[in-house]
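Examination of the molecular architecture
In case you want the letters, here they are:
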Amino acid sequence: MNESHSCFEEGKLKIVSRVQGGVAFRNGELCFPKNFYFGVATASYQIEGAWNVSGKSESIWDRYTHEHPERIFDHKNGDVAADSYHRFREDVKLMADLGVKYYRFSISWPRVLPTGLANEINEDGIRYYRELINELNRNKLMALVTMYHWDLPQSLQDLGGWTNPIMADYFVDYARVLIKSFEDMRVDWITFNEPLSFCQAGYGGMDAPGANASGFEDYLCGHNVLRAHGMAYRMYKREFPHLNGAMGITIDMGWQEPATTSPEDQEAAETARQFYFGWFANPIFSKTGDYPAVMRKRVDEASRQQRYPRSRLPTFTAEEVEYMQGSADFLGLNHYTTYLISPKKGKISPQPSFVEDAGIYSTQKEDWPKTNSTWLRVVPWGFRKALNWIKRTYENPIVLITENGVSTPPGLHDRRRTAYILSYLRALHAAIALDGCRVVGYTYWSLIDNFEWTRGFSERFGLYEVDYSSPNKTRTARESVKFFSHIAKTGCLPTLNWVAQFQN
Ligand code: PNW
């Protein structure tokens, strides 16, 4: 496999492909292609703190954690978190030490637009992110910026949030403010982080805003987020062609493996992939510009049986199909774990729900290694399968791994993180070198410990530990830092001998 694809060039994520030397062994180590880059990720609500500082308004996560501490595992919130709003220079230093090439962070919408709308720009919000990007660029790090990582202004939720179609226009206004504010800087963009998570868990379940209206609000959310993404992408290309930057979307995919080799299980697994991933990927990355056919069919049919006069899954106009189709320069992929899928037996339930519509039953195998997160078991081969499925299903798009990582118990000895990263990167290497998947970068989640949504601070994904009880929110390198920085600096996966050296 000679071909390789780089997306980062001259400090920007440039989506180009060209032939070059290729992946290889160097000194017994497996190496990634020359222009394959490593980065780390965080998100605003999870690390910034400063929840009501200098003009920032309330987000849905502020409201939710304040009003319902009982719904958060440790009853905590992100009011202060790792205080990265005040400590971002320290964080940039950690990244420079790590030797990564880029930082994926997100912008807090209510910090930039306190009313949620573009009538009033909070200058301190813009100043903060400009200083952060400057600090990154000074340290030769690139900025990969997520516009929306779940902290919606509460004022917009009061209008119905993502269930309201007007949100697509408001999002475009917000996106334009961001792009203009950093026009003179090196930035590449991700519109949304994991629409599946915030639509299904936030509007269909009990993450903020906790609408818990599955089968309705999750679909409305998805519909408007897809429209918002497509519109923002077209606006970016139309109004800012001179910037020549890249814009994509991050979609999460756990690998869905058939529970057995039976045709029923295989069909159910494919249906699950279409519902959980195709829901957002198909309108953007397939030629149809529309929801997956199996999703259309199943939700329409269930809606009919439940005697609704119309499908609970909305329909796109021809114009919407046109602007969504192909509206991304890369596919951002978050991948953590794998599930076993079989069909859910029995009649369609009278109570609408996304999982009922998909008609699947999902488990994990007991002997897959556990981690500190109940949902996350270590199954590296699922990563390779997911990448190959994406390659097959969407004609080998350019993929950027925007999150992959694992939680460990508190403390600095995190052999399990090292083992997880090594096994997943080997799977990724095989997907690139042996299978020809066009993956251009890998982002570890996360740089530092952070507020893990409804799991509070109980799950730690950081390469660096945060001591929340210390006044300075002290960051300390875990053992895996040495390991990951070797990879980031050399582009190669160390041999087991090398790993053993510092783990004893
Ligand atoms: C992602 N699951 O969320 C988010 O993008 C991050 O904000 C989060 O901190 C990170 O993964 C670690 O959890 C997910 O249950 C949350 O499968 C849960 C799942 C997947 C992704």
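In what follows, the accompanying structure is described. A quick note: this is a predicted structure, and the numbers were derived from the prediction, not measured. (Residues numbered from 1 in each chain as written. Predicted model: local features only at pLDDT ≥ 70, side-chain atom pairs only at ≥ 80, totals over all residues. Heavy atoms only, no water.)

**So, the side chain of Ser-446**
For Ser-446, the position within the fold is in the loop between strand S15 (439-445) and strand S16 (464-466). Under the relative-accessibility criterion, Ser-446 is labelled buried at 0%. Leave out the neighbours within four places in its chain, and Ser-446 touches Ala-41, Thr-42, Phe-461, Gly-462 and Leu-463. (Helix = DSSP H or I, 4+ residues; strand = E, 2+ residues; numbered from the N terminus. Buried < 20%, exposed > 50% of the residue type's maximum accessible area, 1.4 Å probe, protein only. Contact = heavy atoms within 4.5 Å.)

**Re the environment of Phe-330**
Take Phe-330: it is sitting in the loop between helix H12 (318-324) and strand S11 (331-334). Residue classification places Phe-330 among the buried positions, given a relative accessible area of 1%. When the C-alpha positions of Phe-330 and Thr-250 are compared, they lie 9.0 Å apart, and in sequence the two are 80 residues distant.

**Structural notes on helix H2 (residues 60-67)**
Among the residues of H2, Ile-60, Trp-61, Asp-62, Tyr-64 and Thr-65 are the ones counted as buried. Contacts made by the buried residues of H2 are with helix H1 (44-47), strand S7 (142-148) and helix H6 (154-157).

**Some details on the sheet that holds strand S9 (residues 247-252)**
Overall, parallel pairing links the eight strands, which are arranged S5-S6-S7-S8-S9-S11-S14-S15 in a closed barrel. Taking each pair of neighbouring strands and ignoring which way they run, the sheet shows an average axis angle of 25 degrees. Sheet topology note: the strand S6 (residues 102-106)/S7 ladder contains five bridges and is parallel. Bridging from a neighbouring strand, Ser-106 pairs with Thr-146 of S7. Against the sheet, helix H10 (residues 263-285) touches S9 and S11, its axis set at about 160 degrees to S9. (Pairing = 2+ DSSP bridges. Axes fitted to C-alpha atoms, helices over the stretch in contact; angles between N-to-C directions.)

**Quick word on the site of the ligand**
Near the ligand you find 14 residues, and of these Gln-46, His-149, Glu-403, Glu-452 and Trp-453 are the closest. Between the ligand and Trp-453 there is a distance of 2.9 Å, counted from an oxygen atom to a side-chain nitrogen or oxygen. For the shell around the ligand, a count of residues per class yields seven nonpolar, four polar and three charged. (Near = heavy atom within 4 Å. Polar contact = N/O pair within 3.5 Å; in protein donor to acceptor, adjacent residues only side chain to side chain. Nonpolar A, V, L, I, M, F, W, Y, C, P; charged D, E, K, R; others polar.)

**Considering the environment of Gln-266**
Along the chain, Gln-266 turns up in helix H10. Overall, the relative accessible area of 41% leaves Gln-266 in the partly exposed class. Setting aside residues no more than four positions away along its own chain, Gln-266 makes contact with Pro-258, Thr-260 and Thr-261.

**Digging into the packing of aromatic side chains**
Each pair of aromatic rings is reported with the distance of its centres and the angle of its planes. Under the criterion given, the structure shown has 51 aromatic pairs. Geometrically, the ring pair formed by Tyr-45 and Phe-451 is edge-to-face, given 5.5 Å between the ring centres and 90 degrees between the ring planes. Of this pair, Tyr-45 sits in helix H1 while Phe-451 is found in the loop between S15 and S16, placing the two residues 406 residues apart along the sequence. Here Tyr-45 and Phe-451 have matching classes, each one buried. With centroids separated by 6.3 Å and ring planes inclined at 50 degrees, the aromatic side chains of Tyr-442 and Phe-484 adopt a geometry described as tilted. You can see Tyr-442 sitting in strand S15 and its partner Phe-484 sitting in helix H16 (residues 480-490), a full 42 residues away along the chain. In this pair, the class of Tyr-442 matches that of Phe-484, namely buried. Among the aromatic residues, ring-to-ring pairing joins Tyr-45, Trp-61, Tyr-64, Trp-150, Phe-451, Trp-453, Phe-457 and Tyr-468 into one connected group. The ring of Tyr-128 has Arg-111 sitting right over it, with the charged end atom 6.0 Å from the ring centre. (Phe/Tyr/Trp six-rings, centres within 6.5 Å; stacked < 30°, edge-to-face > 60°. Lys NZ or Arg CZ within 6 Å of the ring centre and 35° of its normal.)

**A word on the packing of helix H9 (residues 217-239) against H10**
Remark: H9 packs on H10, axes separated minimally by 10 Å, with the N-to-C direction vectors making an angle of 30 degrees. Accordingly, the angle class assigned to the pair H9 and H10 is roughly parallel. Considering the relative orientation of H9 and H10, their crossing is right-handed. Contacts between H9 and H10 involve Asp-218, Tyr-219, Gly-222, Leu-226 and His-229 from the former and Phe-275, Trp-279, Phe-280, Pro-283 and Ile-284 from the latter. (Parallel < 35°, antiparallel > 145°, perpendicular 65-115°, else oblique. Left-handed = near helix turned anticlockwise from the far one by under 90°.)

**Overview of the sheet that holds strand S13 (residues 360-363)**
As summarised here, the arrangement of the three strands in space is S10-S12-S13, forming an open sheet in which the pairing is mixed. Edge positions in the sheet fall to strand S10 (255-258) and S13, since each of these pairs with one other strand and no more. Adjacent strand axes in the sheet meet at a mean angle of 40 degrees when their direction is disregarded. Across four bridges, the pairing between S10 and strand S12 (residues 338-343) is parallel. Paired with Glu-257 across the strands is Leu-340, a residue of S12. In the packing of H10 onto the sheet, the strands contacted are S10, S12 and S13, and the crossing angle to S10 comes to about 165 degrees.

**Comments concerning unusual backbone geometry**
Omega for the bond connecting Ala-208 with Pro-209 falls within 30 degrees of zero, at 5 degrees, which places this linkage in the cis form. As for its placement among the helices and strands, Pro-209 is situated in the loop between helix H8 (195-203) and H9. The residue after Trp-445, namely Ser-446, is reached through a cis peptide bond having omega 10 degrees. Although it is not a glycine, Lys-140 sits at a positive phi angle of roughly 60 degrees. Relative to the assigned elements, Lys-140 resides in the loop between helix H5 (123-138) and S7. Phi at Glu-194 takes a positive value of approximately 50 degrees, unusual for a residue other than glycine. Mapped onto the secondary structure, Glu-194 falls in the loop between strand S8 (187-193) and H8.

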